[in-house]
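Listed below are the residues making up each chain.
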Amino acid sequence: MSTTGVAILGCTGSIGQSTLDVLQRHPERFHVAALLAHRNVERLVEQAKATRAPLVGIADETLAPQLQQRLRDEGLTCHVLAGSDAAETIARLPEAQCVMAAIVGAVGLRSTLAAAETGKRLLVANKEALVMAGWLVLAAARRSGARIIPIDSEHNAIFQCLPPDARLGEAPPGVRRLLLTASGGPFRDWSPEALQNATPEQACAHPVWRMGRKISVDSATLMNKGLELIEAHLLFGVPVDRIEVLIHRQSAVHSLVEYQDGSMLAQLGSPDMRTPIAHALGWPQRLPAGVQFLDLAQLGRLDFERPDVGRFACLGHAIEAARAGGDAPVVLNAANEVAVEAFLEGSLNFGGIAGVIGEVMSSSTGRHGVNSLESVREADAAARAAALRLVRGGLGT
Ligand code: MG
C-alpha cells in the first residue's frame, strides 16, 4: 500500500515535533520522506531513528560532520544534505508529496516557495514567508496546482470556516469580516512602564501556548497578531480594514468568519497545534490528532476584548504595514526579526523592539518595488541592515 511522503522543514522546532507526533499516529497513511533541522543535531538524529527517514538535512553546514558521525553511531544510513540550499532541495523532492514548511523567519521563504512551485500539498506554518511574499507563494501554487493549507491556528480556523470552494487569495462572496483571535500574550495585563524592561524569560513564558522563542516574543509584543493580520489579508484576499483582532484569553476560539447575513462561524478547540496539523494533513478528511477534547462546560466562559494598540505599538506598526502594502510588510518583518534577536541576546530592551521597527519603517519603507523574489530579498536585506545599525547604535537599551 502506498503512503504519502511528508517532508518536514524545521523538524526539531515546536511545529516540527507536533507534526511528527501526528504522523506517527497514522503510519497507514503517511511516511516521513525527509527531515530538515537548523542546528539541533541530537534531536534530528533521534527523529531520524524514530521515523527511518531516508534523507536528513541540516541548514548549518558546520554541523554536517557531527551529524554524519552521530548517524553512524546509531547505525543509520540516511542520506545527508547540509547548507543553506538543503531546505529548498528537500522542498522539491519528488518523494515528498506533502511539505510542512515550519522554518521560522524570512530564511524559510525560498523553500516555502519551492514547495509551492512543485505542486505539492503545502502546509504553511512559516508565517514570515507569507508576510513577505504571500502573493508570490500563492501565484506559484496557482500555476503548479499546489494545495496550500495554512497551519497557523488562526488561519487554519478561518480556512475551516470558509466555503469549501473558496480559492486562496480571493475573498469569497458573502464574507463581511475576518476576526482574528489573540490570547494577548504573557504581558496582556502589564503596565506600560513594566513592559519597557520585561525580560526574555518573562516574554517566553506564554500563558496558553507552548512555542519557540521567536514566536513567543512576537506573541508578547502582539507582533505575532500583526504578522497574522497581514498573513490573513494575503491568504484570504480580504481587505485589511475588514480584518479585526480580538483578545480572547481562553484561546478556545481560534478565529471567526463573519458573513453578510449576520452569521458568524468559528472554529474551536484545545490550544494544541496538532489539531490544525492533523486537519491539514488529512484534508478533506478528519484524522485523530491525539489532542485533548475541549470541555466547554468546564471552560465555562469565553471572553473577548479589543487590543490596546497604545500599549502594544508593534501591532499598530503591523496594521500600518498591512495598509501600505508593497515593501512595507517586508520591512516590518525584517526589522522585527533583527529586533527580536537583539532582545533575546540581551542587547535591546523589550520596549526597544517597537522602537527599532518604527524607526526602520519610517526610513526604509517605499524604497523597493517588490514584484519578484529577488526584489523581496533586496528589500529584506536593506531593512535588516538598517535595523542592525540601530540596534548596534544602542537604540532602546
Ligand atoms: Mg497563530
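Residues numbered from 1 in each chain as written. Predicted model: local features only at pLDDT ≥ 70, side-chain atom pairs only at ≥ 80, totals over all residues. Heavy atoms only, no water.

**Topic: the overall build of the chain**
(1) Moving on: Across its full length, the chain holds 17 helices and eleven strands.
(2) Moving on: In summary, the chain has a C-alpha radius of gyration of 20 Å against a globular reference of 21 Å for 397 residues, a match within 12%.
(3) Moving on: Along the first, second and third principal axes, the C-alpha atoms of the chain reach 55 × 55 × 45 Å.
(4) Moving on: Residues classed as buried in the chain amount to 56% of the 397 residues present.
(5) Moving on: For the chain, the proportion of contacts with a sequence separation of at least 24, taken over those separated by at least 6, is 71%.
(6) Moving on: Summed over its atoms, the accessible surface of the chain is roughly 16600 Å², and 50% of this surface lies on carbon and sulfur atoms.
(7) Moving on: The centroid of the 37 positive side-chain charges in the chain is displaced by 3 Å from the centroid of its 41 negative side-chain charges. (Helix = DSSP H or I, 4+ residues; strand = E, 2+ residues; numbered from the N terminus. Rg over C-alpha atoms; globule rule 2.2 N^0.38 Å. Buried < 20%, exposed > 50% of the residue type's maximum accessible area, 1.4 Å probe, protein only. Contact = heavy atoms within 4.5 Å. Areas by Shrake-Rupley, 256 points an atom, 1.4 Å probe, with all protein chains shown as cover. Lys, Arg positive; Asp, Glu negative; His and termini not counted. Charge placed at Lys NZ, Arg CZ, Asp CG, Glu CD.)

**A word on the sheet that holds strand β11 (residues 264-268)**
Sheet strands pair via backbone hydrogen bonds, and the direction of the pair is either parallel or antiparallel.
(1) Moving on: If you walk across this open sheet you meet the four strands as β9-β8-β10-β11, and the pairing is mixed. In this open sheet, the two strands that pair with only one neighbour each are β9 (243-247) and β11. When the angles between neighbouring strand axes are averaged without regard to direction, this sheet yields 20°.
(2) Moving on: Inspection of the sheet shows strand β8 (residues 175-182) paired to β9 by five bridges, in the parallel sense. Residue pairing in the sheet places Leu180 in a bridge with Val245 of β9. (Pairing = 2+ DSSP bridges. Axes fitted to C-alpha atoms, helices over the stretch in contact; angles between N-to-C directions.)

**Here we look at the coordination of the magnesium ion**
Reference geometry at the metal: tetrahedral coordination by four donors gives ideal angles of 109.5 degrees; octahedral coordination by six donors gives 90 or 180 degrees.
(1) Moving on: In this structure, Asp152 (OD), Glu154 (OE) and Glu228 (OE) serve as the protein donors to the magnesium ion, at separations of 2.1 to 2.2 Å.
(2) Moving on: In the primary structure, the donors to the magnesium ion are separated according to the pattern D-x1-E-x73-E. Taken as a pair, Asp152 in the loop between β7 (147-150) and α7 (153-161) and Glu228 in helix α11 (residues 223-236) lie far apart in primary sequence, 76 residues in all. (Donors = N, O, S within 2.8 Å, 3.2 Å for Na, K, Ca; no water.)

**Some thoughts on the packing of aromatic side chains**
(1) Moving on: This model, assessed by the stated rule, comprises four aromatic pairs.
(2) Moving on: Between Phe343 and Phe350, the aromatic rings sit 5.5 Å apart at their centres with planes inclined by 70°, giving edge-to-face as the arrangement. Each of the two residues, Phe343 as well as Phe350, counts as buried.
(3) Moving on: An aromatic cluster is present here, built from Phe187, Trp190, Phe343 and Phe350 joined pairwise through their rings. (Phe/Tyr/Trp six-rings, centres within 6.5 Å; stacked < 30°, edge-to-face > 60°.)

**Points about the nonpolar core**
(1) Moving on: Phe236 and Ile353 are the most contacted members of the largest nonpolar core, which has 138 residues in total.
(2) Moving on: A total of eleven residues in this core trace back to one element, the largest contributor, which is helix α15 (residues 328-345).
(3) Moving on: Ignoring anything within four residues of it in the chain, the contact list for Phe236 reads Pro150, His155, Ile158, Phe159, Leu162, Leu168, Gly169, Glu170, Ala171, Pro172 and Leu178. (Core = buried A, V, L, I, M, F, W, Y, C linked by side-chain atoms within 4.5 Å.)

**With respect to the sheet that holds strand β5 (residues 98-101)**
(1) Moving on: Here seven strands make up an open sheet; going across it, the order is β4-β3-β2-β1-β5-β6-β7 and the pairing parallel. The sheet is open, and its two edges are formed by β4 (79-82) and β7, each paired on a single side. The sheet shows a mean angle of 20° between the axes of neighbouring strands, direction not considered.
(2) Moving on: Direction of pairing for strand β2 (residues 30-37) relative to strand β3 (residues 55-58): parallel, over a ladder of three bridges. Counterpart to Leu35 in the pairing with β3 is Val56.
(3) Moving on: Running at roughly 150° to strand β6 (residues 121-124), helix α5 (residues 109-117) makes contact with β1 (4-9), β5 and β6 of the sheet.

**As for unusual backbone geometry**
For residues that are not glycine, phi is negative in most cases, and the peptide bond is trans in most cases.
(1) Moving on: At the junction of Trp283 and Pro284, the peptide bond is cis and its omega measures out at 5° in the coordinates.
(2) Moving on: Considering the arrangement of structural elements, one finds Pro284 in the loop between α12 (274-282) and α13 (296-299).
(3) Moving on: Even without being glycine, Arg52 reaches a positive phi, approximately 55°.
(4) Moving on: Note that Arg52 resides in the loop between α2 (41-51) and β3.
(5) Moving on: Note on Arg52: relative accessible area 57%, which makes it exposed.

**Regarding the pairing of strand β10 (residues 253-259)**
(1) Moving on: Across the seven residues that make up β10, a large majority, seven, are buried.
(2) Moving on: Summarising the sheet, β10 and β11 pair through five bridges and their orientation is antiparallel. Looking at the pairing, Val257 lines up with Leu265 of β11.
(3) Moving on: Where β10 folds back on β11, the antiparallel hairpin that results is connected by four residues, among which Gly262 adopts a positive phi of roughly 95°.

**Topic: the pattern of salt bridges**
(1) Moving on: Applying the stated criterion across every chain, the model contains 30 salt bridges.
(2) Moving on: Its salt-bridge partner being Glu42, residue Arg70 comes within 2.7 Å of it at the nearest N-O pair. Taken together, the residues span a long stretch of sequence, with Arg70 in helix α3 (residues 64-73) and Glu42 in helix α2 at a distance of 28 residues.
(3) Moving on: Relative accessible area serves as the criterion here: at 19%, Arg70 is assigned to the buried category.
(4) Moving on: Through salt bridges with shared partners, a single ionic network connects Glu42, Lys49, Arg70, Asp73 and Glu74. (Salt bridge = Lys/Arg side-chain N within 4 Å of Asp/Glu carboxyl O.)

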